[in-house]
Amino acid sequence: MVKENPLLKLFVHPKIYTLEDSLPMAQWMLVQGSTILAMGQEKDPYPKEANGLDPVELQGGCVLPGFIDSHCHLHQYIYRHIPLMQNKKINVALPDSYKYWLDFSKVESKEAFLEKLQKEALSSKQGEWILGGGWNNLEILPHREELDRIFPYHPVFLKDASLHSGLVNSQALKLAEINESTHDPIGGRIDRDAQGFMPTGLLFEQAMNMVQKKIPTLPQKILALLLPEAMKYMNQYGIVGIHDMENFDYYEIFSALSWLLFQNPEEFTVRCLCSLTLESWQKYLDIGKTPGMGNEMLRFGHLKLIYDGSLGARTAYMNKPYPLSAYRGEELVSRSEVRNTVKEAIRRNVPLAIHAIGDRATQNIAEIFAEFHPNRLPCGMMHRIEHVQAAETSVIESLAKSGIAFSVQPIHIPSDLKSTASLQPHLLAHTHAYRDMIDFGKQYNVPLILGTDFPVAPIHPLWNIYSAVTRSSPVKGIKPSGKDKNCLTRKEAIEAYTSKPARVAGEGAIKGSLCPGKLADFIVLSHDILQEEDDAVLLDAKTKATYLGGKCVYQG
Ligand SMILES: [Zn+2]
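What this report covers is the structure whose coordinates are included nearby. (Residues numbered from 1 in each chain as written. Predicted model: local features only at pLDDT ≥ 70, side-chain atom pairs only at ≥ 80, totals over all residues. Heavy atoms only, no water.)

**A short note on unusual backbone geometry**
Turning to step 1, where the next piece is worked out: Cis geometry marks the peptide bond from Phe 454 to Pro 455; its omega dihedral reads 10 degrees.
Turning to step 2, where the next piece is worked out: Looking at the secondary structure, you find Pro 455 in the loop between β19 (448-450) and α14 (461-470).
Turning to step 3, where the next piece is worked out: The backbone of Glu 177 shows a phi angle near 55 degrees, a positive value even though the residue is not glycine.
Turning to step 4, where the next piece is worked out: Relative to the helices and strands, Glu 177 is located in the loop between α4 (170-175) and β11 (188-192). (Helix = DSSP H or I, 4+ residues; strand = E, 2+ residues; numbered from the N terminus.)

**A look at the nonpolar core**
Turning to step 1, where the next piece is worked out: Membership of the largest hydrophobic core comes to 102 residues, with the highest contact counts inside it found for Met 234, Leu 257 and Phe 406.
Turning to step 2, where the next piece is worked out: Top element by residues in this core is helix α6 (residues 220-235). It accounts for eight residues.
Turning to step 3, where the next piece is worked out: Those residues in contact with Met 234 that sit more than four places away from it in its chain are Leu 74, Tyr 77, Ile 239, Ile 242, Val 270, Phe 454 and Ile 459.
Turning to step 4, where the next piece is worked out: Of all hydrophobic cores here, the second largest spans 20 residues; its members include Leu 114, Ile 140, Ile 150 and Phe 151. (Core = buried A, V, L, I, M, F, W, Y, C linked by side-chain atoms within 4.5 Å. Buried < 20%, exposed > 50% of the residue type's maximum accessible area, 1.4 Å probe, protein only. Contact = heavy atoms within 4.5 Å.)

**Here's the deal with the packing of helix α11 (residues 393-401) against helix α13 (residues 434-444)**
Turning to step 1, where the next piece is worked out: Running from amino to carboxyl end, α11 crosses α13 at an angle of 30 degrees, the nearest separation of the two axes being 9 Å. Regarding the angle of α11 to α13, the classification is roughly parallel. Crossing handedness for the pair α11 and α13: right-handed. Of the residues in α13, those touching α11 at Thr 393, Ile 396, Glu 397, Ala 400 and Lys 401 are Asp 436, Met 437, Phe 440, Gly 441 and Tyr 444.
Turning to step 2, where the next piece is worked out: Residue composition of the contact of α11 with α13, grouped by class: five nonpolar, two polar and three charged. (Axes fitted to C-alpha atoms, helices over the stretch in contact; angles between N-to-C directions. Parallel < 35°, antiparallel > 145°, perpendicular 65-115°, else oblique. Left-handed = near helix turned anticlockwise from the far one by under 90°. Nonpolar A, V, L, I, M, F, W, Y, C, P; charged D, E, K, R; others polar.)

**Some points on the environment of Pro 55**
Turning to step 1, where the next piece is worked out: Topologically, Pro 55 is positioned in the loop between β3 (35-40) and β4 (56-57).
Turning to step 2, where the next piece is worked out: For Pro 55, the contacting residues outside a window of four places in its chain are Leu 10 and Val 12.

**Observations concerning the sheet that holds β19**
Turning to step 1, where the next piece is worked out: Within the open sheet, the eight strands sit side by side as β6-β13-β14-β15-β16-β17-β18-β19. Their pairing is parallel. Unpaired on one side and paired on the other, β6 (67-72) and β19 mark the two borders of the sheet. Shown here is a sheet whose adjacent strand axes are inclined to one another by a mean of 25 degrees, direction ignored.
Turning to step 2, where the next piece is worked out: Bridge count between strand β16 (residues 352-356) and strand β17 (residues 384-387): four bridges; the pairing is parallel. Residue pairing for β17: Ala 353 is matched across the bridge by Arg 384. (Pairing = 2+ DSSP bridges.)

Function cannot be read off these values alone, since they describe shape.
Below, the structure is given as structure tokens:
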């Protein structure tokens, strides 16, 4: 009997899509440790190292490289999913305020909104924070005083789906020391009543931070205990990597990730590239840390800068005012500050990820980058612009010319098209203009990459890909609106979820496709999502297994 080498595994499947031009389709893959040693077609003999190995026959419609979500918020995701995790009886003592998260994503009227809160009032202890959010429509929001009637003694803090505006009651305002004489913070706005003094309870952008700061954070150790559950959840959807784009001070989650990787590497099942805020980056640079530092599991990523707000909160920075007002949205940091940061980051070889949604915001960022001609970064990472919801063709060309990767979230297309039609109809042709990004991207060799922005949207890659190829909602029963030039092909969308994000992270040599020398990160799907004709296959397909470095981390 031949003795089996535990470090070697031979995987076989009739359809292994490699996303490599030299061998687009393979039927077997020999893995040594966490890395692919050899691959081949049926006709190719196995290398001698495979002698005596029992092949692992992968069951399902096709094998693909594992998905990398290019834009998500891990910290917020954990907070949001604590209630779900609790059902799994994780043995963690949680602060009371984190036991519930009220979901308003399906609430469509003010009455239903208040009714949901009323139910919550019966079960929560006095003084606890009432947290939640998820709405897309500002029109359904109650006034602060209506919240006070239900919650006179609890602070309430709820956030819209985009996380760019929040609703609070008087208790929360009191704790945050916001009253009629408080000035709007830089990059934020406190909505006021008709006389212009008393806060209505609605807070925009940086004004939300004044409340956020008052909510007790989870101890690092508890975060580290919750992370494996979050990672397992992602593995279920075929996710093997994320680019985390946290908005708040990042130190907390980065430390929790490091702790987990050190203490319990077996449970660390999603590779993380972590962006940092300007403040955190300064701290790290000062102690000699550099971008790209880390290993294939956990790495320092981009400097994340949020330039404007969101369309949903009506804070995206536009060229033309929003209806019935002279208001054109928010610059959360001034153009001159962004310019200084870009200049300094380029000088220090720090990769940038700049959030810009409105057409004015994307235009200004393009102009600033064009001024400084960014070079290729020594860490191999690429500068990137996040969201790019509305951008003129010339702006997209200018960004591509400066070498800036486009990081977009197609799952928002249906709701963004709706908002654009009512708020900025002249921009409809320039909303999520992916064809311009792909075409100029080819010309200047910059990629388009996809993310979900979870927990802003569901984490589901196949739903996101469905929206990218149909520009429609993945909710079953909603008929796709018909293809146009901005619909990606399925291959383009899959590459934007695998090989392209790896390249933007400077990890193209080890991640994102399947070939000898790369990490054996792959998934098995129930259907062949590249071959089957109907796009609906993306909604029917399920992840049957997820492998990280050759090890099965999820089996459906
Ligand atoms: Zn985001």
